[in-house]
Each structure stands twice: as structure tokens, then as C-alpha cells.
Amino acid sequence: MQKLKLQSIAAEAVTRIEICLPRVFPWKLRGGDKRATEVITKSITHIGGELMKRAVILMITILGFCGIGRSAMSQTVDDYRLSGRRADATVSFGLWQTDPPLNRFAGNPAMGAGNHHEVIPNVSRINISRKDSGGVNFIISGNHVVAIYDDGTRPEDIDPNLLVPGITTAGGVIDDPDKRIYLGANETAPTGARDRVEVVHFSKPGTYLVICAIRNHFVNDGMYGFVVVREDQLFAQ
Ligand SMILES: [Cu+2]
């Protein structure tokens, strides 16, 4: 009975150790290497008293070490892969409506109906470091054109009367090049891709104005937002 109980404690302790170990941990206990498992089990079941205490202290030490190791490892991964510090953001650029119900199965509704002209979130934020930059994933739904202007540009700085020649749909497409750093794909034709993604790279801190260059969307619907790019203070020095 005593032995069974101790074996149960040992098995539970080993399971905890296995859970705490990273997958690439050199002392891999998962799968084929059962030697360490057997050693720990024996050390607990074989004797009680003083050695039992030592075994427990050993396990606590190993568990503590695992925690530190995992923390250090994730820090290293963060450094190199930009994870965990908001290196990118997702922005919904236009949304398909559901009230009233919308059915696009046979094709998109005419005249841009059924689409909500909004940038969500209105202000998105990413952090970059001096050695690594970030990006924003614009998920575009509807007849929209992404245009991005450099740090400090305000909506009132945009001249909505400068237009791309030959396009008249929804008031045309704004073509104000002053401080513009990105102009997205032209999908304004009836056969244009209404659902697409454009991933835009940002390498310098700043507050960037993002507008829908479809004139009516920008002027009448206020379809614009901002991307705030900050330097991560952890990596500033
Ligand atoms: Cu638009």
C-alpha cells in the first residue's frame, strides 16, 4: 500500500517534470528515454525518510531550473522572431454587413452595397526595434484602396480633388502623392478582387495615416485610421 502510494507520487512528479520541459530540452524525458523516469521512481519507492526528502528537494530544484530555462528560452525566441511584443497588427479594412442579411454566393451586390466602410481598429499599434521592423496586415473586404501617408500626416492634409484619371466609381480614387509612402492595388473594376490581404512593412517609428483612397469613402464616410509604430524600449539601447 505504502509502495503503491509512493509510486503514484513519483509518477505524478515525473509527469510534472515532463510538462515543464521545453520540447527541445536536452534532457528529454518524453518518448523513448525512460532512464531518468526510472531513476526518480526508484529513488522515491526504494527508501523513505531522509532519502525521500532529498528526492523531493531534487525534484523541486529541477522544476525551478525548468522554469528559468523556459523563461530564458522564450526571451531568446522573442529576440529573434519578434513574437510576444506586438511586431504586427491586423486591420479590417471594410467589412461585409450582416444586418440586413447579405448573400454574396452568386456575386457581389452592385454599387458597393452591403459593405461597411470602416477601418478597425481605428488606431493600430506595433512595436519595433532598431534591428527588426514590423508590419500591418490589412484585410480588405469590399471595393477599397489602401493609401498610407508618412509620419505626422493628418486627414486634412490630403487633397481629395487630386484623382487618378479615368476612374469614376464612388467618386474616383484619390491620388495625392505628397508624403504618401504606400498606395495599394487597384481593384476598382467590377471584376476586381473584393477580398484580399496587403501586408505593409514599417521600419521607422511614427504615426502613419491610413486612408481609403476611394474618394467617397474617405470624404463622406471618414474611412481612415492610423498606425502607430513605436520603438520597443526593451530594445532601444
Ligand atoms: Cu473604401
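## Quick word on the overall build of the protein chain
- Tallying secondary structure elements over the protein chain gives 4 helices and 9 strands in all.
- In the protein chain, the order of α-helices and β-strands from amino to carboxyl end is α-α-α-β-β-β-β-β-β-β-β-α-β.
- Across the protein chain, the fraction of contacts at a sequence separation of at least 24, relative to all contacts at a separation of at least 6, is 72%.

## A closer look at the sheet that holds strand E8 (residues 206-212)
- A sheet is described by the order of its strands in space; here 5 strands give the open sequence E3-E9-E8-E5-E6, paired in mixed fashion. Unpaired on one side and paired on the other, strand E3 (123-128) and strand E6 (180-183) mark the two borders of the sheet. Strand-to-strand twist across the sheet, computed as the mean angle between neighbouring axes with direction ignored, equals 20°.
- Pairing of strand E5 (residues 146-149) with E8 involves 4 bridges; the strand directions are antiparallel. Each residue of the ladder has a partner; that of Tyr149, found in E8, is Leu209.

## As for the environment of Gly184
- With respect to the helices and strands, Gly184 occurs in the loop between E6 and strand E7 (195-202).
- Considered as a pair, Gly184 and Ala213 are 29 residues apart in the sequence and their alpha carbons are 8.9 Å apart.

## A word on the nonpolar core
- Counting residues in each nonpolar core, the largest one holds 32 residues, and the members touching the most others are Val210, Ile211 and Ala213.
- Mapped onto this core, the elements with two or more residues apiece are strand E1 (88-96), E3, strand E4 (134-141), E5, E8 and strand E9 (224-231).
- For this core, the element with the highest residue contribution is E8, accounting for 5 residues.

## Describing unusual backbone geometry
- Note the cis peptide between Asp99 and Pro100, where omega equals 5°.
- On the secondary structure map, Pro100 appears in the loop between E1 and strand E2 (115-120).
- Across the junction of Ile120 and Pro121, the peptide omega takes the value -5°, indicating a cis bond.
- Relative to the helices and strands, Pro121 resides in the loop between E2 and E3.
- For Met111, which is not glycine, the phi torsion reads 60° and is therefore positive.

## Things to note about the confidence of the model for the protein chain
- Here the protein chain averages 76 in pLDDT, while 62% of its residues score no lower than 70.
- Every residue in residues 6-11 scores below 50 in pLDDT, and together they form 9 contacts with partners more than four places removed in sequence or on other chains.
- Note on residues 63-73: pLDDT is under 50 here. Beyond four places in sequence and across chains, it has 9 contacts.

## Comments concerning the pairing of E4
- Where burial is concerned, the two faces of E4 differ: the one with Gly134, Val136, Phe138 and Ile140 is buried and the one with Gly135, Asn137, Ile139 and Ser141 is not.
- Bridge count between E1 and E4: 6 bridges; the pairing is parallel. Within the sheet, the bridge partner assigned to Phe93 lies in E4 and is Ile140.
- Bridge analysis of E4 against E7 gives 8 bridges, and the strand direction is antiparallel. Considered in E7, the bridge of Ile140 is made with Arg196.

## A short note on the sheet that holds E7
- Strand order in the open sheet formed by 4 strands is E2-E1-E4-E7, with mixed pairing between adjacent strands. The sheet is open, and its two edges are formed by E2 and E7, each paired on a single side. The average angle at which neighbouring strand axes cross in this sheet is 15°, direction not considered.

## Re the environment of His144
- With respect to the helices, strands and loops of the structure, His144 is situated in the loop between E4 and E5.
- Distance from His144 to His117, taken between C-alpha atoms, is 8.5 Å for residues 27 residues apart in sequence.
- Ignoring sequence-local partners within four residues, the contact set of His144 consists of Phe93, Gly94, Cys212, Ile214 and His217.

## Observations regarding the environment of Leu162
- You can see Leu162 is positioned in the loop between E5 and E6.
- As a C-alpha pair, Leu162 and Asp176 span 14 residues in sequence and 5.7 Å in three-dimensional space.
- Beyond its immediate sequence surroundings of up to four residues, Leu162 is in contact with Ile174, Asp175 and Asp176.

The rules we used
- Residues numbered from 1 in each chain as written.
- Predicted model: local features only at pLDDT ≥ 70, side-chain atom pairs only at ≥ 80, totals over all residues.
- Helix = DSSP H or I, 4+ residues; strand = E, 2+ residues; numbered from the N terminus.
- Contact = placed C-beta atoms within 7 Å.
- Pairing = 2+ DSSP bridges.
- Axes fitted to C-alpha atoms, helices over the stretch in contact; angles between N-to-C directions.
- Core = buried A, V, L, I, M, F, W, Y, C linked by C-beta atoms within 7 Å.
- Buried ≥ 20, exposed ≤ 12 C-beta atoms within 10 Å, placed from the backbone.
- pLDDT = per-residue confidence, 0-100.

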